[in-house]
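# Topology and contacts: notes
Each chain is listed here by its residues.
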Amino acid sequence: MYKSTIQRRCVTLIEMMIVMFLIALITGVIAYNYRGSLDEGKAFKTKAGIEKLETILNLEIAKNPDQRESIASDWSQVVIHSPLVHDPKALLKDGWGYDYQVGFDDNGSVRVRSEKFEDYKKTHQTLFND
């Protein structure tokens, strides 16, 4: 009679630890890259929002020049009631969820700014060349 020998192959603890380490390493790299993409998306959303707000508010001042000071202080109501805006609540905050600061430049045009966006531009100068 022949004896059949069946060899059992077991996974050792060291092999499991190596696989877990590799999975954690790959996940960490992906999460780091994903976070950078999220910040870049917030910056581009903010840049587009600033351009839209400046256009809407400058058009409103062109229509009603005597309401310039009221537009500067209550700009959010102008944006909410503007027929040019599809989703006004999304336009009132920057990509990071903070309020925009609205003011005027030397020429009398509306200038919208976001502190978080300006900080982001300082650290990522190559992405935004104004």
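Procedures and definitions
Residues numbered from 1 in each chain as written. Predicted model: local features only at pLDDT ≥ 70, side-chain atom pairs only at ≥ 80, totals over all residues. Heavy atoms only, no water. Helix = DSSP H or I, 4+ residues; strand = E, 2+ residues; numbered from the N terminus. Rg over C-alpha atoms; globule rule 2.2 N^0.38 Å. pLDDT = per-residue confidence, 0-100. Patch = residues over 30% accessible without salt bridge, like charges linked within 9 Å, V, L, I, M, F, W, Y side chains within 5 Å. Areas by Shrake-Rupley, 256 points an atom, 1.4 Å probe, with all protein chains shown as cover. Salt bridge = Lys/Arg side-chain N within 4 Å of Asp/Glu carboxyl O. Expected span 1.5 Å × (residues − 1). Buried < 20%, exposed > 50% of the residue type's maximum accessible area, 1.4 Å probe, protein only. Contact = heavy atoms within 4.5 Å. Pairing = 2+ DSSP bridges. Phe/Tyr/Trp six-rings, centres within 6.5 Å; stacked < 30°, edge-to-face > 60°. Core = buried A, V, L, I, M, F, W, Y, C linked by side-chain atoms within 4.5 Å. Polar contact = N/O pair within 3.5 Å; in protein donor to acceptor, adjacent residues only side chain to side chain.

Take the overall build of the protein chain next. Of the regular secondary structure elements, the protein chain holds five helices and two strands. Secondary structure elements of the protein chain occur, N-terminal to C-terminal, as α-α-α-α-β-β-α. Over its C-alpha trace the protein chain gives a radius of gyration of 27 Å, far above what one expects of a compact globule, namely 14 Å for 130 residues. Projected onto the principal axes, the alpha-carbon positions of the protein chain cover approximately 105 × 30 × 20 Å.

Chain-level statistics for the protein chain give a pLDDT mean of 86 and a share of 93% at 70 or above. Of all helices and strands in the protein chain, the one with the weakest mean pLDDT is helix 2 (residues 68–73) (82), whereas strand 2 (residues 110–113) scores best (92).

What follows concerns a nonpolar patch on the surface. Together, Val11, Leu13, Ile14, Met16, Met17, Ile18, Phe21, Leu22, Leu25 and Val29 give the surface a local cluster of nonpolar side chains, amounting to about 1000 Å² of exposed area. On the secondary structure map, Leu13 appears in helix 1 (residues 13–63).

In this model helix 1 runs 74 Å from its N-terminal to its C-terminal C-alpha over 51 residues, within 8% of the 75 Å that 1.5 Å per residue would give. Within the span of helix 1, buried status applies to Ala43, Thr46, Gly49, Ile50, Leu53, Glu54, Ile56, Leu57, Glu60 and Ile61. Where helix 1 is buried, its residues meet helix 2, helix 3 (75–81), helix 4 (88–91), strand 1 (101–104), strand 2 and helix 5 (115–123).

Here we come to the pairing of strand 2. In strand 2, alternate side chains face the same way, and those of Val110 and Val112 are buried while those of Arg111 and Arg113 on the opposite face are not. Sheet topology places strand 1 next to strand 2; four bridges connect them, and they run antiparallel. Of the residues in strand 2, the one forming a bridge with Val102 is Val112. The antiparallel hairpin formed by strand 1 and strand 2 contains five residues in its connecting segment, where Gly108 sits at a positive phi of about 90 degrees.

So, on to the packing of aromatic side chains. Note on aromatic pairs: each is described by the distance of the centres and the angle between the planes. All chains considered together, the criterion is met by one aromatic pair. Considering the side-chain rings of Trp96 and Tyr120, the 5.9 Å spacing of their centres and the 50 degrees angle between planes classify their relative orientation as tilted. Pair noted here: Trp96 is in the loop between helix 4 and strand 1 and Tyr120 is in helix 5, with a separation of 24 residues, a long-range link.

Attention now goes to the nonpolar core. Residues Leu53, Leu57, Trp75, Val79, Leu91, Tyr100 and Val112 are the most contacted members of the largest nonpolar core, which totals 18 residues. Those elements that place two or more of their residues in this core are helix 1, helix 3, strand 2 and helix 5. Broken down by element, this core gets its largest block of residues, six residues, from helix 1. Sequence-distant contacts of Trp75, defined by excluding residues within four places in its chain, comprise Leu53, Leu57, Leu92, Tyr100 and Val102.

The next point concerns the environment of Ser73. On the secondary structure map, Ser73 appears in helix 2. Looking at Ser73, its side chain comes within polar contact range of the main-chain oxygen of Ser70, at 3.2 Å.

Mapped onto the secondary structure, Ala31 falls in helix 1. Look at Ala31 and you get partly exposed, because its relative accessible area is 44%.

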